[in-house]
Each structure stands twice: as structure tokens, then as C-alpha cells.
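Working through the structure, step by step
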Amino acid sequence: MNFLIEPFSQPFMQRAVFAGMAVGGLCAMLGVFVVQRGLSFIGDGLAHAAFGGIALGLLLGASVSHATWIALPFTVLVSLGIAFVLRRGRMRGDVATGVFFAVSFALGVLFLGLRPVTAQSVNVETVLFGSILAVSNTDLQIVLGVCVAVAIALALTWTRLAYATFDPELARLSGIRVEALDYMLLALTAVVIVVAVKTVGIALVSSFVVIPAATARMLGRSLHRVALFAVAIGVGGAALGLLLSYHLNVASGATIILTLGAGFGLALALRKR
Amino acid sequence: MSADAPRASRAPRSIVPPVEYTGPRHFTLPDDGMQRVLVSDKVSVELGGKRILHEVSFWIPKGEFVCLCGPNGAGKSTFLKTVLGMIEPTSGSIQILGQRAGTANKAVGYVPQRKTFDQDFPATALELIVANLRGTWPLRVRPDERERARATLRRVGGEKLIDKPLAGLSGGETQRVFLARALINDPALVILDEPTAGVDVKGRHEFLEILAEISASDELAAILVTHNPAAIARCAERVVYIDGRLIAWGLPHELLGQESLSAIAFSMKDHANNLPPDED
Ligand SMILES: Nc1ncnc2c1ncn2[C@@H]1O[C@H](COP(=O)(O)OP(=O)(O)OP(=O)(O)O)[C@@H](O)[C@H]1O
Ligand SMILES: [Mg+2]
């Protein structure tokens, strides 16, 4: 029992677990749509775009935590760009994402290099792997706020988003504004990714999007079941991972992802039977 | 002539039947009080600066089953999309039950080509059908909706498919479910774009039997795009042949009997049997 309770008596662990569960659940919910649409790499792509945005913020003189406010509009713009190219270019999602991914990451590297030599040095590791144990009260409030906003947006559009994900053409024939939903989905994903990058980091955020959705897909037979499973897996994986990392004294972000990965493996084994 | 016609009509896709347009050039509706489900009035379509359809005119009386034929790239799918209101004609117009195409979508049921939808999507046949009933994806299906979907599935001989996941259906079963989906709103016209392409022989045969029943109905009109002569023989009450423009529009035996149109049959036959190209 102490195994469960003791870690969370510490405020930093409380903040971490709330932030982790919120980000895990949110990424998982968006992940269901994103993965089903064959855009599994969007998480990675947008995380790297977020890096470009953070670097731009640093170049403009912001601190690492304030740079998020530059990264947010930057990443949303990139996501809208991807959505636009997908619509116009009749291009596959992985190609479009790949291009934006590379360009915004390169921009990020360029921006970092352009900073005056006198500028404060940046802990790249924090940006890459996140710092969930260093989540502040303000960070947590932002995460929870975004969580509520995105959940409301998804709840309002769920039935249309699902139809458009199944088949855009048929959805359009039923009078659904498919284009608007596409842009909305990618913009929401961008917002969530930027927030998530703060906690789990650029390198790991994509697995938050992909793994719960992929695991849930093996367990559920209808889309809303899959979505419920995915959220449960995202939330549970974050909490369990944090707990394990605390006791084993290893990196928390990585442990969360490995926990999710173990869940995926379990589902795979159960399905095969 | 058909006996010694070369079986190895090697490039049927490029064969444009050497037929002069014999239909009415100036299209006027005869005022005979016949109820028309669809009227295509000199429909021209350009896409990306390219003229795909040129002044295509014909009409479909209530309950008539029309087979729409033509070589690959003839503009058959483009015509269907225009009927569905997904493409605006550059000139001319399509009316469905007297309304402009695209404004009466519940009056038109659509069976897409197979494999256009996400095969891996977690959904059951029931959800797919109810989605068309509601216009949004169902979170929960109400008992009355379920009953209605079941009745429609029964019509296409697929009642036991109702709770099956889409991913597990065979090609023929998938198309049956999609047909039920198209029929759930009780349309006056159902549109099928090569529904049995990629379906095995048995599935194709079964599907054809269901189409034949639709053909026998006096209420439901249909446009079936097909390259399959068996489908025309079994279902068609009228055949429309287009290749960019309207080449022919008439009764099946009239058109298939015409020597000048024999090339059609061969181009279709090769599609149906899916013959690999001979040597060459
Ligand atoms: N969006 C588009 N922009 C430009 N050209 C197009 C577009 N869509 C189709 N086309 C062209 O229009 C022509 C007709 O296409 P369509 O798909 O209607 O033919 P089809 O008769 O259905 O052929 P198939 O038997 O192969 O299905 C083709 O040459 C195609 O390349
Ligand atoms: Mg076609």
C-alpha cells in the first residue's frame, strides 16, 4: 500500500501524476483519430515543429518555459500547413508530415545557432526528454485547462469527426464539413503536443499519441470503445509509469513510454491467443 | 461477326467504339407526363482545365435500372459524382426528382467503389448503416434504428451481418452492407460505381441477384456502372454508353445487337474476365 501512497505524498509527484494523466489521456483520445487516419507520425512531426517554435522563442529572448507561448502558435501554424498540403497536394500524410517535420526542426537548429553567444545556455535534454517531475503549478493549470478545452471540442464534434475519419467522401455527402474538421483535428493535436512536449519531451511525445490508440484498436470493436480504452490506457500508463520510475529511480518519461509499450505487447499477445 | 472477333482484343481500354452519336443533339423533354427520377440536361464537366464530359443528356424514368458503360477514363465516375453533387457541371444541369443535384441527397443512395473506405476502421455493419440514416456517426444505436437497419439488410439478404465488424466481411458481404447503407433512407435512385470490382466470382454472382431484384422493382431506379456483360444482361432495363460524350442510349438488346457497338461488348468482356494481356 505504501508503495502506492508514499510517492504521491510529495507535491512534485502529485503535480507530475496529474499532468501525466491529463496529457496521456488527451494524446490518446486525439491519437485514436490521428492513427485511424494513417497520420501516426503527426505526433513526431508536430513535436519537432514545437522544437522549432521553442527555439524561435529562445532566439527572441524568452526563457525556456515562456518559449512555449511562441511554440504554440508556431506549431498550430505548422499543423494547419500540413492539413492544407494534405488537402491540396493529394499527398500521403507521412510525406507531408515528413517534410514539415524536417523543415521546422532544421529551423529550430538554425534559430538556436543564431542566438547571441552571451545568451543563457539551454538544457537541450530538458527540451528533448521533458521534465515531468519539474512541472510547476502554473504548468499544471495550463495542462488541465487545455485538457478541458480539447475534451469539450472533441465531445462536440465526435460523431462528425468519426464519420469523416471513416470515409471523408461519404461524410461529405451526408452534409458534414470535412475540411473544417480536418483543420480542427490537426490544430487541436498541435496544441496538445506543445503542452505534452513540456512534460514528456519531444522525443517521447509521439508514443503518447500512437501507443494507446494502437493498443486500444486491438481491444475494441467500435470507435467509441476504442476511444475509451485508449484514454484509460493513456491515463493508466502515465500513472503506473511514474510510480515505477519513482521506485526504480529511473527516467520518468521513458518509463511511462515503456509501460505503454508493455501494454501494447500484452494486447498483441492476448489477441493472438 | 462476334464469333471470329479477335479474343485477343489486346488493348480494349484504348478502343473507342467507332460510333457516331445518333441520339438527340438538342435535348428536349417530351411532355408525356412520365415521372423522371433523373434528368441530365447537356451536362458538361471540366476538371483541371480538361474537358471530361461534353453535353451528356439522357433521363431516367421512375424505377428504371440503367447500366452506365464506357471505356476507362470515359467519365463514368465523374458523371456519378456530378449526380451526387460532388462536382458542379461547367454547363448544363442534373435534376433529381425536379431538384438540382446535390440538394436532394437523401433521395439518392450511393454505393462507392470497394476499398475507398478505411478497411481497418473499428465499426460494425449496423453503425455504418445508421451513420447514413443520421448523417453522423452513431455513438449508440437506438432500437428503432436497429430495426430499420435490420429490415434494410434483410432486403439485400444480409440480415445476419448486422453486428459483424466491417473488417471481417468478405468482398461480397461488404458490398451488400454498403448497398443496405445506400437504401436505408428509402431513396428513389441508387448509384453503384463498379460495386463488384475486386469481388470474387461467387460474391459477384450473389450481388448480381440482389441487383436484379432492384431492377425488378418499379419504385427504385438505379445507375450501375459496370464492365460486366452478365450484369447488363441480368439487370439493365436501359444502357447508357458514354465516352466523354453520350455515344448511345437505348435498350440493352438494341445496343448490344448493333454491329457498330460490338466493340463495347469485347472491351467489357475483358474487364469481366480480368484477362491478363496476351503476349505482346
Ligand atoms: N480531379 C480531376 N482532375 C482532372 N482530371 C480528372 C479528375 N478526376 C478525373 N479526371 C480525369 O477524368 C477522366 C474520367 O475519369 P473517370 O474516373 O470519370 O473515368 P471512368 O469512366 O470512371 O473510368 P474507369 O472505368 O477507369 O473507372 C480521366 O481521364 C481522369 O484522368
Ligand atoms: Mg470509374
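Quantities reported herein were computed from a predicted structural model and do not represent experimental measurements.

Let us now look at the overall build of chain A. Within chain A, the secondary structure is distributed over 12 helices and 0 strands. Taken from N to C terminus, the helices and strands of chain A fall in the order α-α-α-α-α-α-α-α-α-α-α-α. Over its C-alpha trace chain A gives a radius of gyration of 18 Å, about what one expects of a compact globule, namely 19 Å for 273 residues. Its C-alpha atoms put chain A at 55 × 50 × 30 Å along the principal axes.

Residue and element names in this part refer to chain A. In the contact formed by helix α2 (residues 11–36) and helix α9 (residues 178–200), the axes pass within 10 Å of each other and the chain directions differ by 150°. Of the possible angle classes, the one that applies to α2 and α9 is roughly antiparallel. Handedness of the crossing formed by α2 with α9: left-handed. Between α2 and α9, the residues in contact are A19, V23, L26, C27, L30, F33 and V34 and L185, L188, T189, V192, V195, A196 and T199, respectively. Residue classes in the contact of α2 with α9 are distributed as 12 nonpolar, 2 polar and no charged.

Residues and elements named next belong to chain B. The environment of ligand 1 is formed by 13 residues, the closest being N72, G73, K76, S77 and T78. Between ligand 1 and the protein, one listed contact pairs an oxygen atom with a side-chain N or O atom of K50 at 3.1 Å. Here an oxygen atom of ligand 1 and a side-chain polar atom of N72 are 2.8 Å apart. Examining the composition of the shell around ligand 1, we find that 3 residues originate from one element, helix α1 (residues 76–83), more than from any other.

Let us look at the confidence of the model for chain B. All names here are of chain B. This prediction gives chain B a mean pLDDT of 79; 77% of its residues lie at or above 70. Segment residues 1–21 is flagged for pLDDT under 50; beyond a separation of four residues in sequence, or across chains, it makes 35 contacts in the model. Confidence drops under a pLDDT of 50 for residues 268–280, and excluding neighbours within four residues, the segment shows 24 contacts in the predicted structure. Complex prediction metrics read pTM 0.85 and ipTM 0.83.

Looking now at empty space enclosed by the protein. All names here are of chain A. Taken as a whole and judged by the stated rule, the model has 3 cavities of 30 Å³ or more. Taken as a whole, the largest cavity spans an internal volume of roughly 50 Å³. Every residue lining the largest cavity is listed: F51, I54, A55, L58, L112, V122, V124 and V127. Of all the secondary-structure elements, those providing two or more residues to the lining of the largest cavity are α3 (42–59) and α6 (124–129). The element best represented in the lining of the largest cavity is α3, accounting for 4 residues.

Right, let's get into the interface of chain B and chain A. Contact with chain B, which involves 26 residues of that partner, is made by 21 residues of chain A. Across the chain B/chain A interface, buried area totals approximately 2,200 Å², and carbon plus sulfur atoms make up 62% of it. Considering only the side of chain B, the residues that lose the most area to chain A are B:F121, B:P122 and B:W137, jointly responsible for 30% of the buried surface there. Taken together, the connections running from chain B to chain A amount to 6 residue pairs in polar contact (both at pLDDT 80 or more). Where the side of chain B that touches chain A is concerned, the elements lending two or more residues are α2 (125–134) and α4 (171–183) of chain B. When grouped by side-chain class, the residues that make up the side of chain B that touches chain A number 15 nonpolar, 5 polar and 6 charged.

Looking now at the packing of aromatic side chains. A full pass over the atoms with the stated rule returns 9 aromatic pairs over all chains. Where A:F166 meets B:F121, the ring centres are 5.1 Å apart and the plane angle is 70°; that geometry is what we call edge-to-face. Here A:F166 is found in helix α7 (residues 137–166), whereas its partner B:F121 is found in the loop between β6 (108–111) and α2 on a different chain. Exposure class is identical for A:F166 and B:F121. Each is buried. Geometrically, the ring pair formed by B:W59 and B:W249 is edge-to-face, given 4.9 Å between the ring centres and 80° between the ring planes. Placement of B:W59 in strand β2 (residues 50–61) and of B:W249 in strand β10 (residues 245–250) is noted, with a sequence separation of 190 residues between them. Judged by relative accessible area, which is 14%, B:W59 ranks as buried. The ring centre of B:W59 lies 4.7 Å from the NZ or CZ of B:R36, which sits over that ring.

What counts and what doesn't
Residues numbered from 1 in each chain as written. Chains lettered and ligands numbered in written order. Predicted model: local features only at pLDDT ≥ 70, side-chain atom pairs only at ≥ 80, totals over all residues. Heavy atoms only, no water. Helix = DSSP H or I, 4+ residues; strand = E, 2+ residues; numbered from the N terminus. Rg over C-alpha atoms; globule rule 2.2 N^0.38 Å. Axes fitted to C-alpha atoms, helices over the stretch in contact; angles between N-to-C directions. Parallel < 35°, antiparallel > 145°, perpendicular 65-115°, else oblique. Left-handed = near helix turned anticlockwise from the far one by under 90°. Contact = heavy atoms within 4.5 Å. Nonpolar A, V, L, I, M, F, W, Y, C, P; charged D, E, K, R; others polar. Near = heavy atom within 4 Å. Polar contact = N/O pair within 3.5 Å; in protein donor to acceptor, adjacent residues only side chain to side chain. pLDDT = per-residue confidence, 0-100. 1 Å grid on protein atoms, 1.4 Å probe; cavity = no way out; pocket = protein on both sides within 12 Å on 5 of 7 lines; lining within 4 Å. Points joined across faces, edges and corners; volume = space filled by probe spheres on them. Buried area = accessible area lost by both parts, 1.4 Å probe. Phe/Tyr/Trp six-rings, centres within 6.5 Å; stacked < 30°, edge-to-face > 60°. Buried < 20%, exposed > 50% of the residue type's maximum accessible area, 1.4 Å probe, protein only. Lys NZ or Arg CZ within 6 Å of the ring centre and 35° of its normal.

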